[in-house]
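Summary of the model geometry
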Amino acid sequence: MFLPGIIRQGQKTYLAATGQTQEPFLVRWLLLTALFFATSAITYGIRTARHR
């Protein structure tokens, strides 16, 4: 779903339609992925600690 934006597929069409570039997509996707991973790790750590 997000891959075309990340790899800048359709760059000319996106620029013509919005007046913006696709450059921030990769950084935003990496930040969201890191956030989800960190949230998952913290949740796992809390559940593991409570189980003991």
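Residues numbered from 1 in each chain as written. Predicted model: local features only at pLDDT ≥ 70, side-chain atom pairs only at ≥ 80, totals over all residues. Heavy atoms only, no water.

A count of helical and extended segments in the chain gives three helices and zero strands. Counting helices and strands in the order they occur from the N terminus, the chain gives α-α-α. Relative to its length of 52 residues, the chain is extended, with a C-alpha radius of gyration of 17 Å against a globular reference of 10 Å. In terms of its C-alpha atoms, the chain occupies a principal-axis envelope of roughly 55 × 15 × 15 Å. (Helix = DSSP H or I, 4+ residues; strand = E, 2+ residues; numbered from the N terminus. Rg over C-alpha atoms; globule rule 2.2 N^0.38 Å.)

Attention now goes to the side chain of Gln-22. Its place among the elements puts Gln-22 in the loop between helix H2 (11-18) and helix H3 (24-51). Residues contacting Gln-22, with those up to four places away along its chain left out, are Pro-4, Gly-5, Arg-8, Gln-9, Gly-10, Gln-11 and Tyr-14. (Contact = heavy atoms within 4.5 Å.)

What follows is about the environment of Pro-24. Relative to the helices and strands, Pro-24 resides in helix H3. The spatial distance from the C-alpha of Pro-24 to the C-alpha of Ile-6 is 8.5 Å, given a sequence separation of 18 residues.

Turning to H2, a few remarks are in order. Of all eight residues in H2, zero are buried, a share of ten percent or less. Once H2 ends, the next one or two residues include Gly-19, with phi positive near 80°. (Buried < 20%, exposed > 50% of the residue type's maximum accessible area, 1.4 Å probe, protein only.)

This part is about a nonpolar patch on the surface. Together, Met-1, Phe-2, Leu-26, Trp-29 and Leu-30 make up an exposed nonpolar region whose accessible area comes to about 610 Å². When you line up the elements, Leu-26 lands in helix H3. (Patch = residues over 30% accessible without salt bridge, like charges linked within 9 Å, V, L, I, M, F, W, Y side chains within 5 Å. Areas by Shrake-Rupley, 256 points an atom, 1.4 Å probe, with all protein chains shown as cover. Salt bridge = Lys/Arg side-chain N within 4 Å of Asp/Glu carboxyl O.)

Okay, the confidence of the model for the chain next. Caution is warranted with low-pLDDT regions, since their predicted coordinates should not be read in detail. For the chain, per-residue confidence averages 91 on the pLDDT scale, and 100% of positions sit at 70 or higher. Mean pLDDT values for the elements of the chain range from 84 in helix H1 (residues 3-6) up to 95 in H3. (pLDDT = per-residue confidence, 0-100.)

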